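A look at the structure
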Amino acid sequence: CEGRFLAIVPPTEWETALSTLQALPAGAGACRIGEVVEGSAGRVLLRTEIGSHRRLERLSGEQLPRIC
């Protein structure tokens, strides 16, 4: 996943941010993947391909970047 970029922007600005990224050659595949909503703080739900939801758990162990 090297070269990936995640931006969290205000709800009123996501369309502008996305179109700006998509205008760049490296951002042609940029897309909106989710939104922050009120609810249980720190909880991330994933929507699966079949439409159900599952909780995204934190990784276990050390949170180290890739060391080449």
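Attention in this report is confined to the structure presented alongside it. In this text the structure is predicted, and so the values were computed from the model without any measurement.

About the cut-offs
Residues numbered from 1 in each chain as written. Predicted model: local features only at pLDDT ≥ 70, side-chain atom pairs only at ≥ 80, totals over all residues. Heavy atoms only, no water. Helix = DSSP H or I, 4+ residues; strand = E, 2+ residues; numbered from the N terminus. Rg over C-alpha atoms; globule rule 2.2 N^0.38 Å. Buried < 20%, exposed > 50% of the residue type's maximum accessible area, 1.4 Å probe, protein only. Areas by Shrake-Rupley, 256 points an atom, 1.4 Å probe, with all protein chains shown as cover. Lys, Arg positive; Asp, Glu negative; His and termini not counted. Charge placed at Lys NZ, Arg CZ, Asp CG, Glu CD. Patch = residues over 30% accessible without salt bridge, like charges linked within 9 Å, V, L, I, M, F, W, Y side chains within 5 Å. Salt bridge = Lys/Arg side-chain N within 4 Å of Asp/Glu carboxyl O.

Topic: the overall build of the protein
- Across its full length, the protein holds one helix and two strands.
- Over its C-alpha trace the protein gives a radius of gyration of 15 Å, far above what one expects of a compact globule, namely 11 Å for 68 residues.
- The C-alpha extent of the protein, read off along each of the three principal axes, is 40 × 35 × 25 Å.
- Looking at the protein as a whole, 3% of its 68 residues qualify as buried.
- Roughly 7,000 Å² of accessible area belongs to the protein as shown, and the carbon and sulfur atoms make up 55% of that amount.
- Computing the positive centroid from 8 side-chain charges and the negative centroid from 8, the protein places the two 6 Å apart.

Comments concerning a nonpolar patch on the surface
- A contiguous nonpolar surface patch, about 530 Å² in accessible area, is contributed by Leu6, Ile8, Ile33 and Val36.
- When you line up the elements, Leu6 lands in the segment before α1 (14–22).

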